[in-house]
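Chains, contacts and geometry: an overview
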Amino acid sequence: PFSALFTSLLFYKKSWSRYLFVFFCTYFGYTFIIPSSKLLDSPFDSEFYANVLVDYYNSQISFNSFLDGLFTIETSQTDLYQPFVTWLISRFTDNYHVLFAIFGFFFGWFYSKILWFILDRKKFKFTFFSLSLILMVLLINPLWNINGVRMWTGMEVYIYGVILYFSKNKSKGFLYMMLSVIFHFSFVIPFFFFL
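This report concerns the structure included in the present document. None of the values given here were measured: they were computed from a predicted structure.

**Looking at the overall build of the protein chain**
When you go through the protein chain residue by residue, the secondary structure sums to ten helices and zero strands. Expected size for 195 residues packed as a compact globule is a radius of gyration near 16 Å; at 18 Å, the protein chain falls within 12% of this value. For the protein chain, the C-alpha atoms occupy an extent of roughly 55 × 40 × 35 Å along the three principal directions. A burial count over the protein chain gives 42% of its 195 residues as buried. Here the contacts in the protein chain between residues at least 6 apart in sequence split such that 64% fall between residues at least 24 apart. Roughly 11500 Å² of accessible area belongs to the protein chain as shown, and the carbon and sulfur atoms make up 70% of that amount. Positive and negative side-chain charges of the protein chain, numbering 14 and 10 respectively, have mean locations separated by a distance of 25 Å.

**Brief notes about the nonpolar core**
Soluble globular proteins tend to pack their nonpolar side chains together in the buried interior. F21, L99, F100, F103 and L115 are the most contacted members of the largest nonpolar core, which has 35 residues in total. The element contributing the most residues to this core is helix α6 (residues 96-120), with eleven residues. Excluding residues that lie within four positions of it along the chain, F21 makes contacts with L5, S8, L9, G108, Y111, S112, L115 and W116.

**A short note on the packing of helix α1 (residues 2-10) against helix α2 (residues 17-30)**
Two elements in contact, α1 and α2, have axes whose closest approach is 8 Å; the angle formed by their N-to-C orientations is 150°. Considered as vectors, α1 and α2 are oriented roughly antiparallel to each other. Regarding α1 and α2, the two cross each other, and that crossing is left-handed. Listed contacts from α2 to F2, A4, L5, T7, S8 and L9 of α1 are S17, L20, F21 and F24.

**Things to note about the side chain of T86**
Mapped onto the elements, T86 comes out in helix α5 (residues 81-90). For T86, a relative accessible area of 0% corresponds to the buried category. Apart from the residues within four sequence positions on either side, T86 is in contact with Y49, V52, L53, Y56, L99 and F103.

**Details of α2**
The end-to-end C-alpha distance of α2, which contains 14 residues, comes to 20 Å, matching closely the 20 Å that a straight helix rising 1.5 Å per residue would cover. Along α2, the positions that sit buried rather than exposed are S17, R18, F21, V22, F24, C25 and G29. With its buried residues spanning 155° around the axis, α2 presents them on a single face. Residues of α2 that are buried in the fold lie against α1 and α6.

**Some points on the environment of Y158**
Summarising the element assignment, Y158 is placed in helix α8 (residues 149-166). Remark: the alpha-carbon pair of Y158 and V22, spanning 136 residues in sequence, is separated by 18 Å. Apart from residues lying up to four places away in sequence, Y158 is in contact with M177, S180, F187, P190, F191 and F194.

**Examining the packing of helix α3 (residues 45-59) against α5**
Running from amino to carboxyl end, α3 crosses α5 at an angle of 45°, the nearest separation of the two axes being 8 Å. On the basis of their axis angle, the class for α3 and α5 is oblique. In this structure, α3 meets α5 at a crossing whose hand is right-handed. Taking contact as the criterion, the partners of Y49, V52, L53, Y56 and Y57 in α3 are, on α5, Q82, P83, T86, W87, I89 and S90.

**Thoughts on helix α7 (residues 128-140)**
The end-to-end C-alpha distance of α7, which contains 13 residues, comes to 18 Å, matching closely the 18 Å that a straight helix rising 1.5 Å per residue would cover. When we look at burial in α7, the residues that qualify are S130, I134 and L138. Projected down its long axis, α7 shows its buried positions confined to an angular sector of 85°, all on one face. Among the exposed residues of α7, those pointing more than 90 degrees away from its buried face are F128, F129 and I140. Taken together, the buried residues of α7 touch α1 and α6.

Reading guide: rules and limits
- Residues numbered from 1 in each chain as written.
- Predicted model: local features only at pLDDT ≥ 70, side-chain atom pairs only at ≥ 80, totals over all residues.
- Heavy atoms only, no water.
- Helix = DSSP H or I, 4+ residues; strand = E, 2+ residues; numbered from the N terminus.
- Rg over C-alpha atoms; globule rule 2.2 N^0.38 Å.
- Buried < 20%, exposed > 50% of the residue type's maximum accessible area, 1.4 Å probe, protein only.
- Contact = heavy atoms within 4.5 Å.
- Areas by Shrake-Rupley, 256 points an atom, 1.4 Å probe, with all protein chains shown as cover.
- Lys, Arg positive; Asp, Glu negative; His and termini not counted.
- Charge placed at Lys NZ, Arg CZ, Asp CG, Glu CD.
- Core = buried A, V, L, I, M, F, W, Y, C linked by side-chain atoms within 4.5 Å.
- Axes fitted to C-alpha atoms, helices over the stretch in contact; angles between N-to-C directions.
- Parallel < 35°, antiparallel > 145°, perpendicular 65-115°, else oblique.
- Left-handed = near helix turned anticlockwise from the far one by under 90°.
- Expected span 1.5 Å × (residues − 1).
- Arc of directions from axis to C-beta.

If you want it as structure tokens, here you go:
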């Protein structure tokens, strides 16, 4: 799997490279190990998502009941992406690996869009300095941040929208910035300041 990641970045000009990168992100999500919170007072986000998946699966909550639980004080759900994907996966399985594979796919999709946007427009030679900068871009919001998938996927979507907006496709970029609010409600704030 790591060689797939390396290959996708090495042959970034090939049409299949971005899809191989997304495939690696999906695989990473599938093999993601949820950290234990036994020593902490509250669970990690990923542990919470896995528990919600099991709860949804065991209760076989209907779509209408699921919708009624959104944006309530009891559920404290203010976003749509993570609860909806979790509910959808719970129709088939309570295996958190499947859930995190989907999380990894969407995170990787936007992650790759940002990275390939930069790589496709590169007008410089690869040097140690330029590779260091690309590595920094990769590590600002690394793939293992799917532990807190709502915030960090929302950030990928928002940044991609900003990039699109400033690269002359203003309406599509604006749409992606608005879409980031579905991933994490707090992106209302940067969207407001962007306006």
